[in-house]
Amino acid sequence: MKTHVLQENLQRGLTYLAKAIPSNPQLPVLSSVLFEATKSGVIISATDLYFGVRVHLQASVDTEGTIVIPGKQLKELISSLPNGKLTLEYSEGTLQIKSEKTKTKLQCQSAEDYPQFPQVEGETYTFSSEELQAIDKFVGFSTSTDQARPVLTSILFEPTEKGLMTVSTDGFRLSTYKVSKNVKGDAEKLLLQAKALQEVNRIVKQVEETEISFIVSQELKQVYFSIGDVEIYMRLIEGEYPPYEKIIPTIFTTEVEFQASELDDNIKRAMIFARDSSNIIRFAITEEGVEISATSPSLGTYTGQIAGSKVSGKHLEIAFNAKYVQDILKAVQSETVWMGMSESLKPVLCRPSDFPAAEYVIMPFKVNE
Amino acid sequence: MSTSSVGLTTAQVQQIWKQACAELQLQLSPAVYSTWIVSNPLTHMMFLDETQALATITSPTAFHSTNLKKNLHLQIKNALDKHTGRNCNIEYKIGDPSIAFAHNAQSEQNSQHGFESIKTDITPPPIEFSQRNDASAFPEMQSFGQVLPQAQQSYSASNTSVSPRVGDLFSEQTLSSAQTDRISAISRKVGLRSDYVFETFAVSTTNEMAHAAATAVSNRPGSAYNPLFLYGGVGVGKTHLMHAIGNNIIKNDPNKKIIYSTGEEFTNEIVHAIRNKKANEFKAKYRSADVLLIDDIQFIAGKNAVQEEFFHTFNALTKQLSQIVLTSDRPPHEMNLLEDRLRSRFEAGLMIDIGQPSFELRTAILLVKAKAARVDIPIELAKTIASQVESARKIEGIITSIRSEVELKRRSITPELIEEILRVEITEKRPVIKVTPAEIIRTVANHYKLKQSAIKGTRRSKPLVTARHIAMYLLKEDLSLPLTEIGKWFSGRDHTTVLHAVRKIEKEMILDEQFHQDVSALRMTLAAISR
């Protein structure tokens, strides 16, 4: 096998593969990159069997061939080389990579052991790249990272009468975002892993595609994205999503409208002290306004009035994980944020005032008085 | 399931897989074995006949499945063939193996007999099979490193922080309280009181029929008793039951469209609709209801346009099997100004009379309501109150008074406090009757369908005497007329005769519940025509 490829192209391709190369796989061959040179060009691929990426590279191929190259070493090497033409030549277990002034020989495994990518056929879904990015931005942050429960690591795509609902929850907070998008009546619910979707978005940004299509195979439980030169394979998560609609609160005895910037500044200050105690911040909500406080057993305390808060309803003391509130503020970038509460231990509904499509529910802290 | 083709139980499948794995492990490198075999278990096995079997291998992703099929099919097949003694056809599926097992476990429940017929086919015989079979498949599954998500019930994640901690968003508690909130939001929108539910309704002999019928209607709206017509005096619990029906229907199915209104609101709405030429909207609203609850339906009697509209609404709703519940202070046949066709329709359903609460029931009601209001009233004091208060509605008023005394003035609940409140409440809350003596006699006569002249006259047949005595009693008690004056209204009878009559009625009212109710109903009517 012999081929010529530009360092820029190969390096870019390898960054797309980055998340698909496992660092310490059970099956050693998976830490390598599959390099296929055909007359039509070069394809590099990587997978950990759950997530896979294939990138088509522009290259001139003298002789065809398929090899696997140790991923980490290849990536480090290529990124350290200067721009320009590279020549890759393989013979008898050794790959030689020549640049203008360097020559590298890499030992390679046989390509036979590298797993095959599945053929995905099924229904096609299309999103604009903005929509896909908005989903990640508005709900992507509140998934769980606990791999033992894959359902909670996913974002739910649920077609409803009102449009497509996207939902994520880690069991303590919930984010929903309604995509202003018509969905076919018979479309099925999908669970896509948030991390994989994030990777798609990262690549989408670099590839600069405006419309993203993906194919879903219910039978293979596989989702296949084709974004320009890049193909992404991710699995469709199986399982029953928690009954999220049922826990969205409907009755509020205390409602507050916050100036988001004021709230954010106060939380930042409170966080200095809250960090020591599970990020707990307390809100004392009275007719006069909202007082935020945080206590650190070793450092001290912070207390602040959140200026511009409009309160209606009963007074209430409630404690949150500051990070939950911060995440929402960061995601929505709204000028004002509305919170509806009923009891100190009941879930709280949070809505950005400028952006009705997103809604958040957070569980307050149980605080021993 | 035919005897020739049988599915194996989860335990049997796992037994075969364990044997196959042991063999595959010897043939394959550890990396290959752990990547391609361990995470891709056999999840289902069906013996088609003595020589053929169908095996299902479940892989977590299409990557696994594709490559398994391509690279390891033969090895797996050989291993399975050997341990089943059959030619195995392998089907590769993708999914969560633990979910696949859960499905098996379910279908096994229905096909236990299949297990018996193949028990002897398996070599070596599975150990303690019967035990394993009885137990659920769950412990077995843990050997695959994937515990069946208990998340099906509670999505509680493992939160390591001890205390304080964030509550679980999908805990039973959060779910049920959100459900309760949702229901009460709906019932508030409908106009139902959320505290009027069956749980807070005290049942006794006087209202058990009504309670049973209401429960039945609320559980099977439209098909149990339609319409349900509840009638009875003031404060016997008609409205409570009606709200409870509505609340229970919402609880069972929050999507049911319920309309609740009083006879008066219904009337006003029609008048408004007619005046603004919006009769169609009115019709559309009422005729789309799944459940129509109208309180104090007697109010529409005598109003022709309203009765007409109600008649059509009624027919439309019963035709589409929507439930109708009506309450009234008297039975249909006593609603004099009600159109006959409506009366006959009301009477076609189930009519239930709710009697005045007995002393025991009043005590029970008091305790139930006190508990709901978070006022702790000792049973002795509850009895004192119940003995002096007739209707449940007054009981409610008294509890409110006690509560405000306790909460606002920080007083404790003592016999003195109760006595004080009772003194005020009872004198104030008595229905004020301001009518002429002639009106009382006319009302009594109408009630018993007698002639006024007969009541005033001298004949002494039993129904006449009773009516006459009640009239005397009311003149004395409610108009405070002197005894001699009363005597004059009744053919100049002696004042002692009148006194005797009053005492007799007083006694009778305590003894006879029905009688007590008659008098109460009469008082209601009189209060209504009072100016």
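Residues numbered from 1 in each chain as written. Chains lettered and ligands numbered in written order. Predicted model: local features only at pLDDT ≥ 70, side-chain atom pairs only at ≥ 80, totals over all residues. Heavy atoms only, no water.

1. Examining the sheet that holds strand β22 (residues 310-313) of chain A
All names here are of chain A.
Then, in step 1: With respect to topology, 9 strands assemble into an open sheet ordered β14-β11-β12-β13-β26-β25-β24-β18-β22, the strand pairing being antiparallel. Every interior strand has two partners, whereas the edge strands, β14 (190-193) and β22, have only one. On average, each strand axis in the sheet is tilted by 20 degrees relative to the strand beside it, whichever way the strands run.
Then, in step 2: Pairing geometry for strand β12 (residues 163-169) and strand β13 (residues 173-179), over 6 bridges, is antiparallel. Residue pairing in the sheet places Ser168 in a bridge with Ser175 of β13.
Then, in step 3: Docked against the sheet, helix α3 (residues 129-139) engages β11 (154-160), β12, β13 and β26 (358-362), running at close to 160 degrees with respect to β13.
Then, in step 4: Strand contacts of helix α7 (residues 322-332): β13, β24 (336-341), β25 (348-352) and β26, with the helix running at about 175 degrees to β26, the strand carrying the most contacts. (Pairing = 2+ DSSP bridges. Helix = DSSP H or I, 4+ residues; strand = E, 2+ residues; numbered from the N terminus. Axes fitted to C-alpha atoms, helices over the stretch in contact; angles between N-to-C directions. Contact = heavy atoms within 4.5 Å.)

2. Comments concerning the sheet that holds strand β2 (residues 42-47) of chain B
All names here are of chain B.
Then, in step 1: Taken in spatial order, the 4 strands make up an open sheet running β1-β2-β3-β4, and their pairing is mixed. If you trace the sheet from one side to the other, it starts and ends with β1 (6-7) and β4 (87-94), each paired once.
Then, in step 2: Of the strand pairs in this sheet, β2 and strand β3 (residues 52-59) are connected by 5 bridges, and their pairing is antiparallel. In the strand pairing of β3, Met46 is matched with Leu54.
Then, in step 3: The sheet contacts of helix α1 (residues 10-27) involve β2 and β3, and relative to β2 the element is tilted by about 105 degrees.
Then, in step 4: Here helix α3 (residues 62-84) sits on the sheet and contacts β2, β3 and β4; the angle it forms with β4, its principal contact strand, is near 150 degrees.

3. A look at the layout of surface pockets
Residue and element names in this part refer to chain B.
Then, in step 1: The volume enclosed by the second largest pocket comes to roughly 1100 Å³.
Then, in step 2: Every residue lining the second largest pocket is counted, 39 residues in all, and those nearest its centre are Thr180, Ser184, Ser194, Asp195 and Val197.
Then, in step 3: Taken together, the elements giving at least two residues each to the lining of the second largest pocket come down to α8 (172-190), α10 (238-252), α15 (359-372) and α17 (392-408).
Then, in step 4: Tallying contributions element by element places α8 first for the lining of the second largest pocket, with 8 residues.
Then, in step 5: Classifying every residue of the lining of the second largest pocket by side-chain character gives 12 nonpolar, 14 polar and 13 charged. (1 Å grid on protein atoms, 1.4 Å probe; cavity = no way out; pocket = protein on both sides within 12 Å on 5 of 7 lines; lining within 4 Å. Points joined across faces, edges and corners; volume = space filled by probe spheres on them. Nonpolar A, V, L, I, M, F, W, Y, C, P; charged D, E, K, R; others polar.)

4. Here's the deal with the nonpolar core
Then, in step 1: Residues Phe225 and Phe283 of chain A together with Met45 and Leu80 of chain B are the most contacted members of the largest nonpolar core, which totals 160 residues.
Then, in step 2: Dropping the residues within four chain positions of it, Phe225 of chain A is found in contact with Leu132, Leu197, Val200, Ile212, Ser213, Phe214, Val230, Glu231, Ile232 and Met234 of chain A.
Then, in step 3: One finds Ile440, Leu464, Leu479 and Leu522 of chain B within the second-largest nonpolar core, a separate group that totals 29 residues. (Core = buried A, V, L, I, M, F, W, Y, C linked by side-chain atoms within 4.5 Å. Buried < 20%, exposed > 50% of the residue type's maximum accessible area, 1.4 Å probe, protein only.)

5. Let's talk about helix α13 (residues 304-319) of chain B
Residue and element names in this part refer to chain B.
Then, in step 1: The end-to-end C-alpha distance of α13, which contains 16 residues, comes to 23 Å, matching closely the 22 Å that a straight helix rising 1.5 Å per residue would cover.
Then, in step 2: Within α13, burial applies to Val306, Gln307, Glu309, Phe310, Phe311, Thr313, Phe314 and Leu317.
Then, in step 3: Tucked inside the fold, the buried residues of α13 contact α11 (263-275), α12 (279-287), β8 (291-295), β9 (323-328) and α14 (340-348).
Then, in step 4: Of the residues one or two after α13, Leu321 is the one with positive phi, at around 60 degrees. (Expected span 1.5 Å × (residues − 1).)

6. Structural notes on the pairing of strand β15 (residues 211-217) of chain A
Residues and elements named next belong to chain A.
Then, in step 1: Bridge count between strand β10 (residues 123-128) and β15: 6 bridges; the pairing is antiparallel. Across the sheet, Thr124 pairs through a bridge with Ile215, a residue of β15.
Then, in step 2: Bridge analysis of β15 against strand β16 (residues 222-227) gives 5 bridges, and the strand direction is antiparallel. Across the sheet, the residue bridging to Ser213 is Ser226, located in β16.
Then, in step 3: What sits between the antiparallel neighbours β15 and β16 is a turn of 4 residues, in which Lys221 has the positive phi angle 55 degrees.

7. Thoughts on the packing of aromatic side chains
Then, in step 1: Under the defined criterion, the tally for this structure stands at 25 aromatic pairs over all chains.
Then, in step 2: Centre to centre, the rings of Tyr233 of chain A and Phe63 of chain B are 5.8 Å apart; their planes meet at 65 degrees, and the pair counts as edge-to-face. Within this pair, whereas Tyr233 of chain A is found in strand β17 (residues 230-235), its partner Phe63 of chain B is found in helix α3, the two belonging to separate chains. Side by side, Tyr233 of chain A and Phe63 of chain B carry an identical accessibility label, which is buried.
Then, in step 3: With a centroid separation of 5.6 Å and an interplanar angle of 45 degrees, the aromatic rings of Phe258 of chain A and Phe283 of chain A are classed as tilted. Of this pair, Phe258 of chain A sits in strand β18 (residues 254-259) while Phe283 of chain A sits in strand β19 (residues 280-286), and the two are 25 residues apart along the sequence. Here Phe258 of chain A matches Phe283 of chain A in class, with each residue buried.
Then, in step 4: The ring of Phe117 of chain A carries Arg54 of chain A above its face, with NZ or CZ at 5.2 Å from the centroid.
Then, in step 5: Of note, Lys303 of chain B hangs over the ring of Phe299 of chain B, and the distance from its end group to the ring centre comes to 4.0 Å. (Phe/Tyr/Trp six-rings, centres within 6.5 Å; stacked < 30°, edge-to-face > 60°. Lys NZ or Arg CZ within 6 Å of the ring centre and 35° of its normal.)

8. Quick notes on helix α9 (residues 208-219) of chain B
All names here are of chain B.
Then, in step 1: In this model, α9 (12 residues) spans 16 Å end to end at C-alpha, consistent with the 16 Å of a helix rising 1.5 Å per residue.
Then, in step 2: Buried within α9 we find Ala210, His211, Ala213, Ala214, Ala216, Val217 and Ser218.
Then, in step 3: In this structure, the buried side of α9 is in contact with β6 (228-232), α10, β9 and β10 (350-354).

9. Some remarks on the interface of chain A and chain B
Then, in step 1: Opposite the 49 residues of chain A that make contact, chain B presents 40 residues.
Then, in step 2: Where chain A abuts chain B, roughly 4000 Å² becomes buried across the two surfaces, and 64% of that area is made up of carbon and sulfur atoms.
Then, in step 3: Between Asp181 of chain B and Lys346 of chain A there is a salt bridge, and its shortest N-O distance comes to 3.1 Å.
Then, in step 4: For the side of chain A that touches chain B, the secondary structure elements donating two or more residues are β13, β17, α5 (244-247) and β27 (365-366) of chain A.
Then, in step 5: Considering each element in turn, the side of chain A that touches chain B owes the most residues, 4 residues, to α5 of chain A.
Then, in step 6: When grouped by side-chain class, the residues that make up the side of chain A that touches chain B number 27 nonpolar, 10 polar and 12 charged. (Buried area = accessible area lost by both parts, 1.4 Å probe. Salt bridge = Lys/Arg side-chain N within 4 Å of Asp/Glu carboxyl O.)

10. Looking at the confidence of the model for chain B
Then, in step 1: On average, residues of chain B score 81 in pLDDT, and 85% of them are at 70 or above.
Then, in step 2: Scored below 50 in pLDDT, residues 111-162 of chain B shows 72 contacts in the model against residues more than four places distant or in partner chains. (pLDDT = per-residue confidence, 0-100.)

11. Details of the pattern of salt bridges
Then, in step 1: Within the structure shown, the criterion is met by 34 salt bridges over all chains.
Then, in step 2: A salt bridge links Lys77 of chain B to Asp81 of chain B, with the shortest nitrogen-to-oxygen separation between them at 3.0 Å. Of this pair, Lys77 of chain B and Asp81 of chain B both sit in helix α3, separated by 4 residues, roughly a single helical turn.
Then, in step 3: As a salt-bridge pair, Arg341 of chain B and Glu308 of chain B come within 3.1 Å of each other at their nearest N and O atoms. With Arg341 of chain B in helix α14 and Glu308 of chain B in helix α13, this pair connects stretches of sequence that are 33 residues apart.
Then, in step 4: Judged by its relative accessible area of 29%, Arg341 of chain B falls in the partly exposed class.
Then, in step 5: The network of salt bridges with common partners includes Asp170, Arg173, Lys323 and Asp327 of chain A.

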